[in-house]
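Architecture and fold: a report
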Amino acid sequence: QVQLVESGGGLVQAGGSLRLSCQASGSIFSINRMGWYRQAPGKQRELVATITSGGTALYADSAKGRFTISRDNAKNTVYLQMNSLKPEDTAVYYCHGIVRTTYRSYDSTYWGQGTQVTVSS
């Protein structure tokens with residue numbers, strides 16, 4: 001099995017910064033894409049940013065210019081640096097990974113348990 005464990009959430013004032021981390025562990029052959037989604041109360045889960053193993057990043061419009069996603073392939077870890085945070089960024093942030101457990105297996109999607117980010121005005 002594969003586990004994704006997030007860390008780095010918390011409470012911050014508007015305009016502040018937070019850095020989220022997510023490390024994948026378990027039976028891993030390769031990880032294609034890793035990223036972050038978020039879900040605010042009463043809303044659907046939405047993409048924040050993803051990054052391929054080669055470093056190609058994709059951002060939601062709401063994250064462009066403020067958030068930076070990066071990845072350490074050797075550590076199976078993805079990071080999300082969030083700057084200029086706004087109250088509307090308040091949500092539970094979920095780590096996401098597309099993982100192959102053996103060289104013969106298909107890619108499967110895994111999720112972390114989520115970390116709360118709260119931005120006060």
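Residues numbered from 1 in each chain as written. Predicted model: local features only at pLDDT ≥ 70, side-chain atom pairs only at ≥ 80, totals over all residues. Heavy atoms only, no water.

Once that is clear, we can look at the pattern of salt bridges. Tallying each qualifying case throughout the model produces 5 salt bridges. Here Asp 61 makes a salt bridge to Lys 64, at a shortest N to O gap of 3.2 Å. For Asp 61, a relative accessible area of 65% translates into the label exposed. (Salt bridge = Lys/Arg side-chain N within 4 Å of Asp/Glu carboxyl O. Buried < 20%, exposed > 50% of the residue type's maximum accessible area, 1.4 Å probe, protein only.)

Under the counting rule described, the total for this entry stands at 1 disulfide. The disulfide partner of Cys 22 is Cys 95, and the S-S distance across this bridge is 2.0 Å. Across the S-S bond linking Cys 22 and Cys 95, the dihedral sits near -85°, which makes this disulfide left-handed. Linking Cys 22 in strand S3 (residues 18-26) with Cys 95 in strand S9 (residues 91-100), this pair joins segments that are 73 residues apart in sequence. Of the two residues, Cys 22 and Cys 95, neither departs from the other in class, the shared state being buried. (Disulfide = S-S within 2.5 Å. Helix = DSSP H or I, 4+ residues; strand = E, 2+ residues; numbered from the N terminus.)

With that settled, consider the nonpolar core. Grouped together as the largest cluster of nonpolar side chains are 27 residues, with contacts concentrated most on Trp 36, Val 48, Phe 67, Val 78, Leu 80, Met 82 and Tyr 93. Mapped onto this core, the elements with two or more residues apiece are strand S1 (2-7), S3, strand S4 (30-39), strand S5 (46-52), strand S7 (67-72), strand S8 (77-82), S9 and strand S11 (115-120). Other than its neighbours up to four places away in sequence, Val 78 contacts Leu 20, Ser 21, Cys 22, Met 34, Trp 36, Ile 51, Ile 69, Ser 70, Arg 71 and Cys 95. (Core = buried A, V, L, I, M, F, W, Y, C linked by side-chain atoms within 4.5 Å. Contact = heavy atoms within 4.5 Å.)

A few words now on the sheet that holds S7. Taken together, 4 strands build an open sheet; the order of strands is S1-S3-S8-S7 and the sheet is antiparallel. Strands with a single pairing partner mark the edges of an open sheet, and in this sheet they are S1 and S7. For this sheet, the mean inter-axis angle between neighbouring strands, taken without regard to orientation, is 15°. Pairing analysis gives 6 bridges linking S7 to S8, with the strands arranged antiparallel. (Pairing = 2+ DSSP bridges. Axes fitted to C-alpha atoms, helices over the stretch in contact; angles between N-to-C directions.)

On to the side chain of Arg 66. The residue Arg 66 is located in the loop between strand S6 (57-59) and S7 in this model. At a separation of 2.7 Å, a polar atom in the side chain of Arg 66 contacts the side chain of Asp 89. Discounting residues that sit within four places of it in the chain, Arg 66 has contacts with Gln 81, Met 82, Asn 83, Ser 84, Leu 85, Lys 86 and Asp 89. (Polar contact = N/O pair within 3.5 Å; in protein donor to acceptor, adjacent residues only side chain to side chain.)

Tallied over the full model, the rule gives 2 aromatic pairs. Judged by centre distance (6.5 Å) and plane angle (55°), the ring pair of Phe 29 and Tyr 103 falls under tilted. In this pair, Phe 29 is assigned in the loop between S3 and S4 and Tyr 103 in the loop between S9 and strand S10 (108-111), connecting sequence segments 74 residues apart. Ring centres of Tyr 37 and Trp 111 lie 5.1 Å apart, and the angle between their planes is 70°; this geometry places the pair in the edge-to-face category. Of the two residues, Tyr 37 sits in strand S4 while Trp 111 sits in strand S10, which places them 74 residues apart along the sequence. A cation over a ring is seen here: Arg 19 above Tyr 79, with NZ or CZ 4.1 Å from the ring centre. A cation over an aromatic ring shows up here: Arg 45 above the ring of Tyr 94, its NZ or CZ 3.7 Å from the ring centre. (Phe/Tyr/Trp six-rings, centres within 6.5 Å; stacked < 30°, edge-to-face > 60°. Lys NZ or Arg CZ within 6 Å of the ring centre and 35° of its normal.)

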